[in-house]
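Here is how the chains run, residue by residue.
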Amino acid sequence: MIYKKEKIDKNKIYRFLDKVYNTNLQEQIQKCVFNHTKKIMSDTISISFYDVTTLYFESESEDDLRRIGFSKEGKLARPQIQLGLFTTLEGYPLSYEVYEGNKYEGHTLIDILQKFQDRFQLDNKPIVVADRGMLTN
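Presented here is an overview of the structure given in this document. (Residues numbered from 1 in each chain as written. Predicted model: local features only at pLDDT ≥ 70, side-chain atom pairs only at ≥ 80, totals over all residues. Heavy atoms only, no water.)

Another aspect to go through is the overall build of the chain. Helices and strands together make up the secondary structure of the chain, namely three helices and seven strands. Going from N to C terminus, the chain has its helices and strands arranged as β-β-α-α-β-β-β-β-α-β. In terms of its C-alpha atoms, the chain occupies a principal-axis envelope of roughly 50 × 45 × 25 Å. Looking at the chain as a whole, 28% of its 137 residues qualify as buried. Restricting the contact set of the chain to residue pairs at least 6 apart, pairs at least 24 apart contribute 54%. When the 20 positive and 20 negative side-chain charges of the chain are each reduced to one mean point, those points stand 6 Å apart. (Helix = DSSP H or I, 4+ residues; strand = E, 2+ residues; numbered from the N terminus. Buried < 20%, exposed > 50% of the residue type's maximum accessible area, 1.4 Å probe, protein only. Contact = heavy atoms within 4.5 Å. Lys, Arg positive; Asp, Glu negative; His and termini not counted. Charge placed at Lys NZ, Arg CZ, Asp CG, Glu CD.)

What follows is the structure, encoded as C-alpha cells:
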C-alpha cells in the first residue's frame, strides 16, 4: 500500500484497525464521516438506505463476534461477521455497525436505528429504505 508517496506494510494497517476498533476512535471517525456527508447534502438527510453484508474468515474458529451463520457468499462452516451500513440516496456513507455472524439480519435494523439516532441526535428522522429481509415483525 502507498499513502502520500510512502510505502506502508499492510500488517501495520491491520494492527491499526485493531486500535480503531478497541478505542473511541471508531466513534470519532463515524461522526466525522457523518458530518462531512451531512455538509455535502446541504445539512439535509431525508432518505437513507440500509443493508447488511457478511464478511467471512478463512478459519474454522469462532469467537464472540466471528460466528458461523448464513453466508451470502455460500461459505459454509466459516466464521463471519455482519456489517450493517446506512448510506444516503446518493451512496454517501452515514453510519455502520458490526454484528455477530450468526445474528439474523432483520434483527439488526432496530438496533442500528436506535444507535444512529442516539449518536447523531437527528432533528428529523430520515425515511429508511431496506430490503424485505429487514422489514419483518
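There is more to say after this.
What follows concerns the pattern of salt bridges. Taken as a whole and judged by the stated rule, the model has eight salt bridges. Residue Lys115 is joined to Asp111 by a salt bridge in which the shortest nitrogen-to-oxygen separation is 3.3 Å. Within this pair, Lys115 and its partner Asp111 are both found in helix H3 (residues 109–120), separated by four residues, close to a single helical turn. (Salt bridge = Lys/Arg side-chain N within 4 Å of Asp/Glu carboxyl O.)

Among the nonpolar cores identified, the biggest contains 14 residues, and Phe34, Tyr50, Phe86, Leu94, Phe116 and Met134 are the most heavily contacted of them. Those elements giving two or more residues to this core turn out to be strand S3 (47–56), strand S6 (93–100) and H3. Examining the composition of this core, we find that four residues originate from one element, H3, more than from any other. Excluding residues that lie within four positions of it along the chain, Phe34 makes contacts with Ile45, Leu94, Phe116, Phe120 and Leu122. (Core = buried A, V, L, I, M, F, W, Y, C linked by side-chain atoms within 4.5 Å.)

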